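# Geometric and topological summary
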Amino acid sequence: MAASSKTSHLAYPNPALFTTKDHRIYSAPSPALDPGPDDCIVHVRANGICGSDLHFWKTGAIGTCVVSSDYVLGHEGAGVVVSVGSNVTHLKVGDRVAIEPGVPCHACTNCTTGEYNLCADVVFSGAPPFHGSIRRFHEHPARYLHRLPETLTFGDGALLEPLSVVLHAFERAPTRLGGSALICGAGAIGLIALAVARASGAFPLVITDVDSGRLAFAKSFVPGCETVLIGMYSTVAENAATVGAVFEKLDTPLPKVVYECTGVQSSVCVAAFSCHRGGHLMLIGVGRDIMDGLPFMHLSLAEIDIIFINRYHHSWPYAIRVLQSGYIDLKPLVTHTFTLDEAVTALKTAADRTRNAIKIHILDGEL
């Protein structure tokens, strides 16, 4: 590859975080990089841990993405361009960029009509078998590297991926100014949805979770929101009645849009019974392959539309501007940071609910 380079990345080791089909995780040197003329090599300075990273480690699959051999995790990365392919004209060595992990084929109907997130042949960093960005150096097509404004940090850049997920959900199921919103699940995606709902002018805002600590965090993150503690051993009907009572106390009808951010069947069912008749149930969370306990006739008779998302498309410039504007500040979500050498510990911490982690970032310093 004819390329320009600020410093030879080959002079530095390229440690990476791997998972295996037998559910182990370990740090080891990355597979050799093989960039083409349309690619850049990025020194990844910050990378977030996503729930999907835990899914691939713990269960070995999400849908049709199955861990069949050792591969590198991670898809929430930002860093500095250290090498530029000969065909790349819009980026240069030293540019600070965020990595949009999905690279579509550009030839199928979905790609040519703009819905490239639905490309069946997408190469998505960190989804098996494609190596991800929890490593020091990551090769990626320049077309899917987005330059960061000087006002945004590498940590901000690593938060653009989950923000893009939520922005796509709100594009497909928007709330309206002054309309109420319910968010089910106070993990990172649910909390981002809460912030986006507030920025969209939704009111009142209600968020649910089974963890009182996460609900307390939600209260501090978006002051003024209402929280509902979901009973782990309560029935769906009981939990839905609790949610309904909150909206009744607020003298507000049930929301026209409910954003379900857990993918857990019981939470999806509570969301279904907590949505206004004629409303929309937006399913953001990643669930099981088969979910057979949904209240079909309730959804049918109430004409509640179920809407799904698959990642995002064309959202990154908008996500960058949202953070640049200051309308939303996601920095408080980063509760833990680790160095790249501590990547195994970082992933174990993310999996340990007693550590109360919301979003964990793996950082690598300047070379």
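## Description of the sheet that holds strand S3 (residues 25-29)
For sheets, the rule is that strands pair by backbone hydrogen bonds, running either parallel or antiparallel. If you trace the three strands from one edge of the open sheet to the other, you get S3-S2-S7, paired in antiparallel fashion. Each edge of the open sheet carries a strand with a single partner, namely S3 and strand S7 (71-72). With five bridges joining them, strand S2 (residues 15-19) and S3 adopt antiparallel strand pairing. Its bridge partner being in S3, Thr19 is matched across the sheet by Ile25. Along the sheet, helix H11 (residues 343-351) makes contact with S2 and S3, crossing S3 at roughly 155°.

## Here we look at the pattern of salt bridges
Tallied over the full model, the rule gives nine salt bridges. With its nearest N and O atoms 2.7 Å apart, the salt bridge here joins Asp364 to Arg136. Separated by 228 residues along the polypeptide, Asp364 in the segment after strand S21 (359-363) and Arg136 in the loop between strand S11 (123-124) and strand S12 (137-141) bring together distant segments of the chain. For the pair formed by Asp364 and Arg136, the shared burial category is buried. One salt bridge in this structure joins Arg353 and Asp211, with 3.4 Å as the shortest N-O distance. With Arg353 in the loop between H11 and S21 and Asp211 in the loop between strand S15 (205-209) and helix H6 (212-221), the pair connects residues that are 142 residues apart, well separated along the chain. Its relative accessible area of 18% is what places Asp211 among the buried residues.

## Here's the deal with the pairing of strand S4 (residues 39-48)
Burial analysis of S4 places ten of its ten residues in the buried class, the great majority of the element. Relative to S21, S4 runs antiparallel, the two sharing three bridges. Within the sheet, the bridge partner assigned to Gly48 lies in S21 and is His361.

## Focus on the nonpolar core
For soluble globular proteins, nonpolar side chains are generally found buried alongside one another. Judged by nonpolar contacts, the single largest core of 71 residues is most densely connected at Leu163, Ile183, Leu191, Leu194, Ile207, Tyr259 and Leu330. For this core, the leading source of residues is helix H5 (residues 188-199), giving eight residues. Setting aside residues no more than four positions away along its own chain, Leu163 makes contact with Ile192, Val196, Ala319, Val322, Leu323 and Leu330. Of all hydrophobic cores here, the second largest spans 19 residues; its members include Ile230, Phe247, Ala271 and Cys275.

About the cut-offs
- Residues numbered from 1 in each chain as written.
- Predicted model: local features only at pLDDT ≥ 70, side-chain atom pairs only at ≥ 80, totals over all residues.
- Heavy atoms only, no water.
- Pairing = 2+ DSSP bridges.
- Helix = DSSP H or I, 4+ residues; strand = E, 2+ residues; numbered from the N terminus.
- Contact = heavy atoms within 4.5 Å.
- Axes fitted to C-alpha atoms, helices over the stretch in contact; angles between N-to-C directions.
- Salt bridge = Lys/Arg side-chain N within 4 Å of Asp/Glu carboxyl O.
- Buried < 20%, exposed > 50% of the residue type's maximum accessible area, 1.4 Å probe, protein only.
- Core = buried A, V, L, I, M, F, W, Y, C linked by side-chain atoms within 4.5 Å.

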